[in-house]
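Coordinate analysis (summary)
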Amino acid sequence: MDLPLFSLLRRLLLLGCVFAAPLQAATIVLDAGHGGHDPGGIPGQRYSEKAAALDVTLRIRAKLTAAGHRVVMTRSTDTFVELSERVAIAKRTPGKPIFVSIHFNSAANRDACGIETYLYDKRGAALAQAIHRRVVAVSGGPDRGIRRARFYVLRYNSRPSVLVELGFLTNSQEGAKISRSEAYRQKLADAVSAGIRSVVR
Ligand SMILES: [Zn+2]
């Protein structure tokens, strides 16, 4: 057998294997805020936060799994999950996942509207920016900024983590759009998914 040719063939085969090996897509932990006996929001508000948060989180999951990501949910039904358990889920999920918590805002001031994104430390900075600007763009509402907060699910998280407030349910216009328009909720979910995908493999 012609040795150089054999060696060349072997090299090509090896190269083929290298190029054919799929990149492992990142794992994402999605955290739908509140649930069960905790509706979120403020007393007497018309639209429940827990339902909107779960709806959009399930849409984000669908989008990310379709793109090949592994998604772990801290809740996927209307159940109560302790904050410590949400963080524990992120910690025990293998593959160095990122953590994204989905919420909707409420305020006694009914005029308040717009998008806020929270992080605790710089590990969440790129993710926060990527998600925030996309959500602001589709919401058309005020950009209330990326803020630092000591929220439990951020502060005690061992993973890069952000929490997004996807608009105010207590604002008559924004609240109605969120609760009544499935197309709008899908747009929010698409924006969050695109933001996540822009920072992970
Ligand atoms: Zn909330």
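See the structure above.
Attention here is on the structure that accompanies the text. Computed from a predicted model, the values in this text were never measured in an experiment.

What follows concerns the overall build of the protein. Helices and strands together make up the secondary structure of the protein, namely seven helices and six strands. When the helices and strands of the protein are read in sequence order from the N terminus, they spell out α-β-α-β-α-β-β-α-β-α-β-α-α. The proportion of buried residues among the 201 residues of the protein is 41%. In the protein, 78% of the contacts between residues at least 6 apart in sequence involve partners at least 24 apart.

With that out of the way, let us pick up the pairing of strand 6 (residues 161-168). Of all the eight residues making up strand 6, eight are buried; the element is thus mostly covered by neighbouring parts of the structure. As defined by bridge partners, strand 3 (residues 98-105) adjoins strand 6 across six bridges and the pair is classed as parallel. Bridging across to strand 6, Ser101 finds its partner in Leu163. Taken together, the four bridges between strand 4 (residues 115-119) and strand 6 define a ladder with antiparallel strand orientation.

Moving on: the pairing of strand 1 (residues 27-32). Counting buried residues along strand 1, five of its six residues qualify, which places the element largely inside the surrounding structure. In the sheet, strand 1 pairs with strand 2 (residues 70-73) via four bridges, with the strands oriented parallel. Across the sheet, residue Thr27 finds its bridge partner in strand 2, namely Arg70. What joins strand 1 to strand 2 is helix 2 (residues 49-66), and the crossover it makes is right-handed. When strand 1 meets strand 3, the two strands line up parallel, connected through five bridges. What sits directly across from Leu30, in strand 3, is Val100.

As a further point, take the sheet that holds strand 3. With mixed pairing, six strands are arranged side by side in an open sheet as 2-1-3-6-4-5. Both edges of this open sheet fall to strand 2 and strand 5 (143-148), since each of them pairs with a single strand only. Sheet twist, expressed as the mean angle between neighbouring strand axes with direction ignored, is 20°. Relative to the sheet, helix 2 contacts strand 1, strand 2, strand 3 and strand 6, its axis offset from that of strand 3 by approximately 145°.

Another point: the packing of helix 4 (residues 125-139) against helix 7 (residues 182-199). Between helix 4 and helix 7, the least distance of the axes is 8 Å, while the angle of their chain directions is 150°. It follows that helix 4 is roughly antiparallel to helix 7 by the angle criterion. Crossing handedness for the pair helix 4 and helix 7: right-handed. Listed contacts from helix 7 to Ala126, Leu127, Ala130, Ile131, Arg134, Val135, Ala137 and Val138 of helix 4 are Lys187, Leu188, Ala191, Val192, Ala194, Gly195, Ile196, Ser198 and Val199. Its residues assigned to classes, the contact of helix 4 with helix 7 shows 13 nonpolar, two polar and two charged.

Considering soluble globular proteins, one finds that nonpolar side chains tend to be buried as a cluster. Judged by nonpolar contacts, the single largest core of 43 residues is most densely connected at Val100, Ile131, Val162 and Val192. Excluding its chain neighbours within four sequence positions, the residues that come into contact with Val162 are Val100, Thr117, Tyr118, Leu119, Gly124, Leu127, Ala128 and Ile131.

Among all positions of helix 3 (residues 83-92), only Arg86, Val87 and Ala90 are buried. For helix 3, the arc enclosing every buried residue in end-on projection is 95°, short of the 170-degree limit, so these residues lie on one face. Opposite its buried face, helix 3 presents the exposed residues Ser84, Glu85 and Arg92, each directed more than 90 degrees away. Where helix 3 is buried, its residues meet strand 1, strand 3 and helix 5 (152-155).

Our next topic: helix 6 (residues 172-180). Taken as a whole, helix 6 has its buried residues at Glu174, Gly175, Lys177 and Ile178. Down the axis of helix 6, the buried side of the element spans an arc of 165°, and every buried residue falls inside it. In this structure, helix 6 carries Gln173 and Arg180 as exposed residues pointing more than 90 degrees from its buried face. Buried-residue contacts for helix 6 involve helix 2, strand 3, strand 6 and helix 7.

Another aspect to go through is the environment of Asp190. Its place among the elements puts Asp190 in helix 7. For the pair Asp190 and Val56, spaced 134 residues apart in sequence, the C-alpha separation works out to 9.3 Å.

Cut-offs applied
Residues numbered from 1 in each chain as written. Predicted model: local features only at pLDDT ≥ 70, side-chain atom pairs only at ≥ 80, totals over all residues. Helix = DSSP H or I, 4+ residues; strand = E, 2+ residues; numbered from the N terminus. Buried ≥ 20, exposed ≤ 12 C-beta atoms within 10 Å, placed from the backbone. Contact = placed C-beta atoms within 7 Å. Pairing = 2+ DSSP bridges. Right-handed = clockwise from strand over helix to strand, strands pointing away. Axes fitted to C-alpha atoms, helices over the stretch in contact; angles between N-to-C directions. Parallel < 35°, antiparallel > 145°, perpendicular 65-115°, else oblique. Left-handed = near helix turned anticlockwise from the far one by under 90°. Nonpolar A, V, L, I, M, F, W, Y, C, P; charged D, E, K, R; others polar. Core = buried A, V, L, I, M, F, W, Y, C linked by C-beta atoms within 7 Å. Arc of directions from axis to C-beta.

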